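The chain contents come next:
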Amino acid sequence: MQAEREKEEIVERLGGEREGQTSSIRQVALASFIGTAIEWYDFFLYGTAAALIFGQLFFPEFSELAGTLAAFATYAVGFVARPLGGIVFGHYGDRIGRKAMLVLSLLIMGVATFLIGLLPTYAQVGVLAPILLVILRFLQGIGIGGEWGGAVLMAVEHSPRGRRGFYGSWPQMGVPAGLLGGNLVYLGATSLIPADWAWRIPFLFSIVLVAVGLFIRLKLLETPAFQRVKETRTEARMPIIDVIRTYPKNVLLAMGMRIAENGTFYVLTVFVLSYVAGELGLDQSVGQIGVIIAAAIGLLTIPLFGALSDRIGRRPVYMFGAAFSLVFAFPFFWLLNTGIEPLIWLAIILGVNLGHDAMYGPQASFFAELFGTRVRYSGASLGYQLASVIAGGLSPFIATALLAGFGYGAVALYTAAMALITLISVILATETFREDIAATQAEEQRLISGAQPRVQ
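No experiment lies behind these values; they were computed from the predicted model shown.

1. Quick look at the pattern of salt bridges
Per the stated rule, a full pass over the model turns up seven salt bridges. A salt bridge links E261 to R258, with the nearest nitrogen and oxygen atoms 2.4 Å apart. In this pair, E261 and R258 both sit in helix α14 (residues 248–279), three residues apart, roughly one turn of the helix. Accessibility expressed as a relative area gives 2% for E261, which makes it buried. R258 gets classed as buried once you look at its relative accessible area, which sits at 1%. As a salt-bridge pair, E369 and R314 come within 2.7 Å of each other at their nearest N and O atoms. Here E369 is found in helix α18 (residues 341–369), whereas its partner R314 is found in helix α16 (residues 314–327), with 55 residues between them in sequence. Each member of the pair, E369 as well as R314, carries the same accessibility label: buried. Taken together, the salt bridges that share partners define one network made up of R164, D310, R314 and E369.

Here it is, written out as structure tokens:
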């Protein structure tokens, strides 16, 4: 009883859920969605270009396979940079606030993407061209590494209790929106504009989107949860160190839960483009159309799975996505190998909208709920971005190499292995959907006062 009274006193002092949160949450969710859609447009656009044209433009002296591998290697550089972005932005996001980091991440991403559109090719400046490409891709990775944690926390920490899964899925919808926009603009540009300039237009267009995103984000208010931390002057001095010391298990579990969601997604949306065009000998638009359809459907399935997790829990929904990805690993390629366009599209749709989206919908709220407010930006970003390096960043490269050496069966086994890792991680994780963020914050307050941390 004494412990309960102490908890209530701390929560009351820090402030409970403030009135008016629900009236502004739609604006916050919409702003988070638009901002992340712009950032992911920039990030995914590179993946499309890497799969279809960067090998020819920046590595022309390589064979077709080696050129594609080299292009995917530069693609992976962005993922290597993401943990660094997550650490840096997480530190200052937990120290200064969520809003400032969102504005800065959007600027870094937008400028880097715009400059890619201005890059000279290998034919024009030689080896300097791929070097500049790698540098700008690294900056893209820094930007997206800081983006996700801030956007997610703006939505989750503004959300009313019992709706965090749904509203937390709004910034997650930025992924299909960015994927949809990037592929549509790229497909349109390459169809209507002379080939020498066609690939540049989608990258240059990003500067317009960045201006729109900045206009929206500058109007947002700081989250109530972090504002209470500022008011009580209880910010963590070294958030990364604190989160590793206090929540080591949760960081590892978040990484494990991210492996299949992230790794299989890039097999389904990036590797598949080169597989359909190179291995099956079909027009490159066939794979793109499937990705575009899946991205459009994702604007519905991601919030549906997020809302479902508010009703039955994060774990059951997430486990369904991981299990489906596991059993669908081989059928995915069987459908592709028919060479029949509608079946190819069906394979991509099932893999993305049932497997991936069931994990990605509840992921934002699930990861945020694993950590206390003082270190939430750092903790969620660390688990999310570290897994991106070994999962999404390398999966197109690994899949391409496995295909060349052992055939599609090896790629299917690779995606199944990633799904198994995630399934085990979800089983080991604790259910969080009923937890009160303020209660987690109360626990953080006890840590500040020197109490023994709870084992996670």
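2. Description of empty space enclosed by the protein
Where empty space is left in the structure can be found by rolling a water-sized probe over the atoms. Scanning the model with the defined rule gives four cavities of 30 Å³ or more in all. Taken as a whole, the largest cavity spans an internal volume of roughly 130 Å³. Lining the largest cavity, in full, are T264, V267, L268, F324, S325, F328, A329, F332, F333, G351, G355 and T415. Only α14, α16, α17 (329–336) and α18 provide two or more residues apiece to the lining of the largest cavity. For the lining of the largest cavity, the per-class residue count stands at seven nonpolar, five polar and no charged.

3. Some words on the packing of aromatic side chains
Centre-to-centre distance and the angle between the planes together describe a pair of aromatic rings. All told, the structure shown has 22 aromatic pairs when counted by the stated rule. Arranged with centres 5.3 Å apart and planes meeting at 85°, the rings of F265 and Y266 form a pair that is edge-to-face. Here Y266 falls in the buried class, since its relative accessible area comes to 1%. Following the ring pairs from residue to residue traces out a cluster consisting of F271, Y275, F305, F320, F324, F328, F332, F333 and Y408. Positioned above the aromatic ring of Y384, the side-chain terminus of R258 is 3.4 Å from the ring centre.

4. Details of the confidence of the model for the protein chain
Confidence in the prediction for the protein chain averages 82 pLDDT; 89% of positions are at 70 or higher. Taken element by element, the predicted model of the protein chain shows its lowest mean pLDDT in helix α1 (residues 2–14) (42) and its highest in α16 (97). Long-range and interchain partners of residues 1–23, a stretch whose pLDDT sits below 50, account for 29 contacts in this model, where long-range means more than four residues apart. This stretch, residues 447–456, has a pLDDT under 50; its non-local contacts, to residues over four places away or in other chains, come to 16 contacts.

5. So, the environment of S24
Along the chain, S24 falls in helix α2 (residues 21–52). Classification of S24 by relative accessible area gives partly exposed; the value is 23%. Spatially, the C-alpha atoms of S24 and L221 are 9.7 Å apart, while their sequence positions differ by 197 residues.

Reading the values: the criteria
Residues numbered from 1 in each chain as written. Predicted model: local features only at pLDDT ≥ 70, side-chain atom pairs only at ≥ 80, totals over all residues. Heavy atoms only, no water. Salt bridge = Lys/Arg side-chain N within 4 Å of Asp/Glu carboxyl O. Helix = DSSP H or I, 4+ residues; strand = E, 2+ residues; numbered from the N terminus. Buried < 20%, exposed > 50% of the residue type's maximum accessible area, 1.4 Å probe, protein only. 1 Å grid on protein atoms, 1.4 Å probe; cavity = no way out; pocket = protein on both sides within 12 Å on 5 of 7 lines; lining within 4 Å. Points joined across faces, edges and corners; volume = space filled by probe spheres on them. Nonpolar A, V, L, I, M, F, W, Y, C, P; charged D, E, K, R; others polar. Phe/Tyr/Trp six-rings, centres within 6.5 Å; stacked < 30°, edge-to-face > 60°. Lys NZ or Arg CZ within 6 Å of the ring centre and 35° of its normal. pLDDT = per-residue confidence, 0-100. Contact = heavy atoms within 4.5 Å.

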